[in-house]
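Here's the letter readout for the chains.
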Amino acid sequence: QVQVEESGGGLVQAGGSLRLSCAASTRTFSNYALGWFHQAPGKEREFVAAINWNGATTYYAMSVKGRFTISRDNAKNTVYLQMNSLEPEDTAVYYCAAHFGDYVGSNLHSYEYWGQGTQVTVSS
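Quick look at the structure, then.

## Some thoughts on the state of the cysteines
Consideration 1: By the definition in use, this model includes one disulfide.
Consideration 2: Covalent S-S linkage joins Cys22 and Cys96, the inter-sulfur distance amounting to 2.1 Å. Disulfide Cys22-Cys96: torsion about the S-S bond near -80 degrees, hence left-handed. With Cys22 in strand S3 (residues 18-24) and Cys96 in strand S9 (residues 92-100), this pair connects stretches of sequence that are 74 residues apart.
Consideration 3: On the basis of relative accessibility, which here comes to 1%, the residue Cys22 falls in the buried class.
Consideration 4: Cys96 sits in the buried class, given a relative accessible area of 0%.

## A closer look at the pattern of salt bridges
Any two side chains of opposite charge can pair, so long as their charged atoms come close to each other.
Consideration 1: Following the criterion strictly, the structure yields two salt bridges and no others.
Consideration 2: For Arg67, the salt bridge identified is with Glu87, shortest N-O distance 3.9 Å. One end of the pair, Arg67, is in the loop between strand S6 (58-60) and strand S7 (68-73); the other, Glu87, is in the loop between strand S8 (78-83) and S9, with 20 residues separating them in the sequence.
Consideration 3: Arg67 gets classed as buried once you look at its relative accessible area, which sits at 12%.
Consideration 4: The exposure class assigned to Glu87 is partly exposed, which follows from its relative accessible area of 33%.
Consideration 5: Of the charged contacts in the structure, one is a salt bridge between Arg67 and Asp90, with a shortest N-O distance of 2.8 Å. Residue Arg67 is located in the loop between S6 and S7, and its partner Asp90 is located in the loop between S8 and S9; the two are separated by 23 residues in the primary sequence. The two residues Arg67 and Asp90 agree in class, both being buried.
Consideration 6: Through salt bridges with shared partners, a single ionic network connects Arg67, Glu87 and Asp90.

Each value, and the rule that gives it
- Residues numbered from 1 in each chain as written.
- Predicted model: local features only at pLDDT ≥ 70, side-chain atom pairs only at ≥ 80, totals over all residues.
- Heavy atoms only, no water.
- Disulfide = S-S within 2.5 Å.
- Helix = DSSP H or I, 4+ residues; strand = E, 2+ residues; numbered from the N terminus.
- Buried < 20%, exposed > 50% of the residue type's maximum accessible area, 1.4 Å probe, protein only.
- Salt bridge = Lys/Arg side-chain N within 4 Å of Asp/Glu carboxyl O.

The following block contains the structure:
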């Protein structure tokens, strides 16, 4: 069983930046692809970004491409989501998810382990 825990959410003004972190409790962190999803009130959980085991492959939702950057540090068992030029529409709970293997994609059902989420609120 892998536990993942997000941190770094908060309140920021439109145009600002936040960096989310997600730490995973596994000795084989490099065996996992990681993804970020978000869920706004009353909406379904949506894909944001994903990264493969060594960081060489990344994939983004069109709505965040060019503004968000996903990265990972396997020595620290941590994946990051740098969010720049934030918009009120980015307001949501952000979830980190882990997949055992090298899947890098948007299908949330492919991710076996999920964190509890961290709230990001962007004010206009």
